[in-house]
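Here is what each chain is made of, one letter per residue.
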Protein chains: 2
Amino acid sequence: MAQHTVVVSRSTLKRLPLYLHLLEKLQAEGVETISCTYIAKEFDFDPTQVRKDVEATGEVGTARIGFRVAGLTDKIKEFLGWNNAHDAFLIGAGNMGKALLGYKDFEKYGLNIVAAFDKDPKKVGAKIFGKEVMPLSKMPALVKRMHINIGIVTVPAEHAQAAVDALIDAGVKAIWNFAPAPLKIPEGVILENARLTQSLAVLTNNLTRVLKP
Amino acid sequence: MAQHTVVVSRSTLKRLPLYLHLLEKLQAEGVETISCTYIAKEFDFDPTQVRKDVEATGEVGTARIGFRVAGLTDKIKEFLGWNNAHDAFLIGAGNMGKALLGYKDFEKYGLNIVAAFDKDPKKVGAKIFGKEVMPLSKMPALVKRMHINIGIVTVPAEHAQAAVDALIDAGVKAIWNFAPAPLKIPEGVILENARLTQSLAVLTNNLTRVLKP
DNA sequence: GTTTTATCGAGAAAAAAGTATCGATATAAT
DNA sequence: ATTATATCGATACTTTTTTCTCGATAAAAC
Ligand SMILES: NC(=O)c1ccc[n+]([C@@H]2O[C@H](COP(=O)([O-])OP(=O)(O)OC[C@H]3O[C@@H](n4cnc5c(N)ncnc54)[C@H](O)[C@@H]3O)[C@@H](O)[C@H]2O)c1
Ligand SMILES: NC(=O)c1ccc[n+]([C@@H]2O[C@H](COP(=O)([O-])OP(=O)(O)OC[C@H]3O[C@@H](n4cnc5c(N)ncnc54)[C@H](O)[C@@H]3O)[C@@H](O)[C@H]2O)c1
């Protein structure tokens, strides 16, 4: 099977999961084929944009019909790397950390959080949703032994850089960071920030503009 | 004071919180002035881009010096609507809901989650981080009485549309949605999706491309 | 069987976002 | 005092992203 290593824009990459969520809903309803026109209407996008996004995944459609829901689902998942699970470690078993540890659907998104690490001795030793919380000191050896590629950072902002450094030192290839702090990483390592504050900024800015005309 | 009701791109809006996080760090360190060149270096952006983003907030700088950290912080906060707190209700006191209810820093970001609602009788009546969990049936009257503008949705995807409909019916003006479901809202209401899966998609796609060259 | 219609896919056009250039200016160095 | 330098802010330019147009095609309608 030809691997699609097409490089696409971040914008495209971020629309693909939206399509996937819709496709999953449709599949559950027994729908078999879907057109880009339909997908576009659902999100108020341009149909051509959806077509170009879909093109990146390598799936081809048929005129007048569109795309097979199952086929497109598969291609998007493959393209996003959601077909086989990536093991991950989580640093910071606090409120956000707990929520992530308990999120069953990550399985659908190719993410498998294997264990958590915390510097607080009171948290160490416990199990959260069946996942062990261990002391930070055990992390480096385990990253190497278990070939962990992804580190999830849910520590307070002022400790985020330290956590990231430790993870990268240990050999992690990608960081998923939830702390609102500007982080420095070496060349070659992937840093992705899950910044809720960015989303909130868009909301509150829009809201204030609507409320004060 | 002149209110800045400039409409800016979503991209700009999402970079502003980044600058703010940096400014807060600098302010804590006692730094008084900052140049766009410096900010740009920190995030690996173009200095001109930072200048344009900053321009949107209405803050003016001085040549050779840059911007006052305090002044810029203030203007960004004002522009984002983070200077005065917006009251919000949260629907779905599960794992993610709990994390949000316990997040102290929302205060800094102009968000004040007042109470939570859940349909599970076992959750109703409890207090989570000092915030009451109430039955959904009480929500509409309270939205009206307390003039709540923001509804936060942290229910499972299949119940998200119902939660959103109920909130909007009750009079909420803006929805912050965490469920991975395509939602329909009427004209005039603001919908902002905090989609962790989008961020994860970028990460896993990049990672698979790095791992399989 | 012919026409109509909905869709894809490719390429062109338009719009938006990002980047470079340059004069003005405020400070520091000579 | 003069020169050098770092920065802003305005404008011009470039690149990227989005949208439009159109021919090809597969199914449905007539
Ligand atoms: N809770 C939310 O809703 C929310 C929302 C947006 C962003 N965030 C961000 O996510 C991060 C975590 O937030 P939270 O609410 O879970 O905080 P929290 O205080 O509940 O949890 C932080 C955890 O990290 C641990 N920790 C601290 N320093 C550590 C270190 N150096 N190594 C390992 N563990 C360490 C603490 O012991 C604690 O268990 C913060 O950066 C926060 O800003 C949280
Ligand atoms: N936990 C995470 O890390 C995470 C990450 C990304 C997205 N999400 C999304 O956030 C949402 C919540 O996730 P979670 O992990 O907190 O789930 P959860 O199952 O822990 O919590 C859901 C809560 O919503 C309540 N609920 C269900 N239907 C309701 C309704 N109609 N009205 C009011 N309350 C209702 C349930 O009683 C429960 O308390 C989901 O849509 C999930 O996909 C969660």
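Residues numbered from 1 in each chain as written. Chains lettered and ligands numbered in written order. Predicted model: local features only at pLDDT ≥ 70, side-chain atom pairs only at ≥ 80, totals over all residues. Heavy atoms only, no water.

Participant: Mind showing me how you'd approach the packing of helix 1 (residues 10-28) of chain B against helix 2 (residues 36-43) of chain B here?
Facilitator: The relative placement of two packed helices comes down to the angle between their axes together with the axis-to-axis distance. All names here are of chain B. Running from N to C, helix 1 and helix 2 cross one another at 110°; their axes reach a closest spacing of 11 Å. Regarding the angle of helix 1 to helix 2, the classification is roughly perpendicular. Along its contact with helix 1, which presents Leu-18, Tyr-19, Leu-22, Lys-25 and Leu-26, the element helix 2 presents Tyr-38, Ile-39, Glu-42 and Phe-43. By residue class, the composition of the contact of helix 1 with helix 2 is seven nonpolar, no polar and two charged. (Axes fitted to C-alpha atoms, helices over the stretch in contact; angles between N-to-C directions. Helix = DSSP H or I, 4+ residues; strand = E, 2+ residues; numbered from the N terminus. Parallel < 35°, antiparallel > 145°, perpendicular 65-115°, else oblique. Contact = heavy atoms within 4.5 Å. Nonpolar A, V, L, I, M, F, W, Y, C, P; charged D, E, K, R; others polar.)

Participant: Looking at this structure, how should I read the site of ligand 1?
Facilitator: Taken together, 23 residues lie near ligand 1, and Asn-95, Met-96, Asp-118 and Val-155 of chain A together with Tyr-103 of chain B sit nearest. The contact in question runs from a nitrogen atom of ligand 1 to an N or O atom on the backbone of Lys-119 of chain A, over 3.3 Å. One of the backbone nitrogen or oxygen atoms of Val-155 of chain A is found 2.6 Å away from an oxygen atom of ligand 1. Isolated, ligand 1 exposes 820 Å² of accessible area, and the fraction of that covered by the protein chains is 87%. Contributions of two or more residues to the shell around ligand 1 are made by helix 5 (95-101) and helix 7 (157-170) of chain A together with helix 5 (95-101) of chain B. For the shell around ligand 1, a count of residues per class yields 14 nonpolar, five polar and four charged. (Near = heavy atom within 4 Å. Polar contact = N/O pair within 3.5 Å; in protein donor to acceptor, adjacent residues only side chain to side chain. Areas by Shrake-Rupley, 256 points an atom, 1.4 Å probe, with all protein chains shown as cover.)

Participant: What is the right way to look at the nonpolar core in this model?
Facilitator: Looking at soluble globular proteins, one finds that nonpolar side chains tend to be buried together. Ranked by internal contacts, the top residues of the largest apolar core, which has 100 residues, are Ile-152 and Trp-176 of chain A together with Ile-152 and Trp-176 of chain B. Residues in contact with Trp-176 of chain B, not counting those within four places in the same chain, are Leu-196, Ser-199, Leu-200 and Leu-203 of chain A together with Phe-106, Leu-111, Gly-151, Ile-152, Val-153, Glu-192 and Ala-194 of chain B. (Core = buried A, V, L, I, M, F, W, Y, C linked by side-chain atoms within 4.5 Å. Buried < 20%, exposed > 50% of the residue type's maximum accessible area, 1.4 Å probe, protein only.)

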